There are 2 protein chains.
Amino acid sequence: MAERASHRVAPEHTHPDDVPVQTALAALADPVRVTLVRELADSAEWTRSCGSFDVPVGKAALSHHFAVLRGAGLVEQRDEGPKRVNRLRREEFEARFPGLLDLVLRADRAH
Amino acid sequence: MAERASHRVAPEHTHPDDVPVQTALAALADPVRVTLVRELADSAEWTRSCGSFDVPVGKAALSHHFAVLRGAGLVEQRDEGPKRVNRLRREEFEARFPGLLDLVLRADRAH
DNA sequence: CCGAGTGTTCGATGAAAATCATACACTCCC
DNA sequence: GGGAGTGTATGATTTTCATCGAACACTCGG
């Protein structure tokens, strides 16, 4: 059939424009999610599969965190073969919440 | 004696510079606290006592929220007679987390 | 010095969120 | 098509956090 690579249900995405400030802040208030966002920011787009992140949680929790990040308009996902690869929505998120992402990424550990 | 108005233990304050991003985001991720911050932003400094805010929580919870806001470097308090009056640490917080406060204050309800 | 007003502390309660283990669905490759 | 690899869904457990009620501390004005 004229199908793309995946038969799975495509992940639900929320555009940053449709995200309340509250939701964005809550998403970024969790250390695990911030780690994901930071690692994602240091990688090329669509190169990181969900399982490739160095966080101390099981895959169930990990999957949950990605769902939250999608819901906050921070991450976009696409199925590529058996893996689900990720992309940080830098520009779109920056346009909706100017400065916020940079704040989290820079994260002066000097404190 | 050469004492100020209050004998109470002065409230503990944390300067924004000593606040981790994580803490700041968590503090602003609560709707009640955001209401406090917004009302505070719309008032002259040192004019609002803790009890003067329009939030749907008892005074115990309210007192807790102010403690969190102090710990996040968002609010400064001073005892004035029997009341404790507040001030939003606009400049200091802005210097530490550029753009963050504006983001919360503007809070486009258009979503 | 008492009483009203104000805010904090403490302990308990309830709700929300993070986590895990297990089971399941899908894709690819042999 | 079977099996390994990858991610999701579900249900239970744990932790965290917001909240409340009641008791307490402090200030001020009669």
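Rules used in this analysis
- Residues numbered from 1 in each chain as written.
- Chains lettered and ligands numbered in written order.
- Predicted model: local features only at pLDDT ≥ 70, side-chain atom pairs only at ≥ 80, totals over all residues.
- Heavy atoms only, no water.
- Core = buried A, V, L, I, M, F, W, Y, C linked by side-chain atoms within 4.5 Å.
- Buried < 20%, exposed > 50% of the residue type's maximum accessible area, 1.4 Å probe, protein only.
- Helix = DSSP H or I, 4+ residues; strand = E, 2+ residues; numbered from the N terminus.
- Contact = heavy atoms within 4.5 Å.
- Least-squares fit on C-alpha atoms with pLDDT ≥ 70 in both.
- Arc of directions from axis to C-beta.
- Pairing = 2+ DSSP bridges.
- Axes fitted to C-alpha atoms, helices over the stretch in contact; angles between N-to-C directions.
- Phe/Tyr/Trp six-rings, centres within 6.5 Å; stacked < 30°, edge-to-face > 60°.
- Lys NZ or Arg CZ within 6 Å of the ring centre and 35° of its normal.

Ranked by size, the top nonpolar core spans 56 residues in total, and within it Leu74 and Leu100 of chain A together with Leu74 and Leu100 of chain B carry the most contacts. Only α1 (21-28), α2 (31-41), α3 (59-71) and α5 (100-106) of chain A together with α1 (21-28), α2 (31-41), α3 (59-71) and α5 (100-106) of chain B provide two or more residues apiece to this core. For leucine 74 of chain B, the residues in contact, after removing those within four places along its chain, are Ala27, Leu28, Leu69, Arg87, Leu88, Arg89, Phe93 and Leu101 of chain B.

On to the relation of the copies chain A and chain B, then. Of the transformation superimposing chain A on chain B, the axial component is 0.0 Å and the angular component is 179 degrees, with the fit at an RMSD of 0.0 Å. In the structure described here, the two chain copies are related by an operation that fits a two-fold rotation axis. When you check the interface residues of chain A against chain B, 100% turn up at the interface there too, and the contact is symmetric in its surfaces.

Of the positions making up α1 of chain A, those classed as buried are Val21, Ala24, Leu25, Ala27 and Leu28 of chain A. Seen end-on, α1 of chain A carries its buried residues on one side only, within an arc spanning 160 degrees.

What follows concerns the sheet that holds strand β2 (residues 75-80) of chain A. Residues and elements named next belong to chain A. Spatially, the 3 strands line up as an open sheet ordered β1-β3-β2, and their pairing is antiparallel. Among the strands making up the open sheet, the edge pair consists of β1 (48-49) and β2. Bridge analysis of β1 against strand β3 (residues 83-88) gives 2 bridges, and the strand direction is antiparallel. In the strand pairing of β3, arginine 48 is matched with asparagine 86. Set on the sheet, α2 makes contact with β1, β2 and β3; between it and β3 the angle comes to about 80 degrees.

All names here are of chain B. Within the element layout of this structure, proline 20 appears in the segment before α1. The class for proline 20 is partly exposed, based on a relative accessible area of 41%. With 77 residues separating them in the primary sequence, proline 20 and phenylalanine 97 have C-alpha atoms 9.9 Å apart. In this view, proline 20 contacts Arg96 and Phe97; residues no more than four positions away in its chain are not counted.

Our focus in this paragraph is the packing of aromatic side chains. Residue and element names in this part refer to chain A. A full pass over the atoms with the stated rule returns 4 aromatic pairs over all chains. Measuring from ring centre to ring centre gives 5.0 Å for phenylalanine 93 and phenylalanine 97, while their planes differ by 50 degrees; the resulting arrangement is tilted. Its relative accessible area of 0% is what places phenylalanine 97 among the buried residues. Over the ring of phenylalanine 53 we find arginine 48; its NZ or CZ atom is 4.4 Å from the centre of that ring.

All names here are of chain B. Strand order in the open sheet made by the 3 strands is β1-β3-β2, with antiparallel pairing throughout. Looking at which strands have only one partner, the edges of the open sheet turn out to be β1 (48-49) and β2 (75-80). Against the sheet, α2 touches β1, β2 and β3 (83-88), its axis set at about 80 degrees to β3. Against the sheet, α3 touches β2 and β3, its axis set at about 120 degrees to β2.

Our next topic: the pairing of β2 of chain B. Residues and elements named next belong to chain B. With burial as the criterion, only one face of β2 is covered, namely that bearing Val75, Gln77 and Asp79; the residues Glu76, Arg78 and Glu80 on the opposite face remain uncovered. Here β2 pairs with β3 via 6 bridges, running antiparallel. Residue arginine 78 lies in a different strand from β3, and its bridge partner there is valine 85. Between β2 and the antiparallel strand that follows it, β3, lie 2 residues; glycine 81 among them carries a positive phi value of about 60 degrees.

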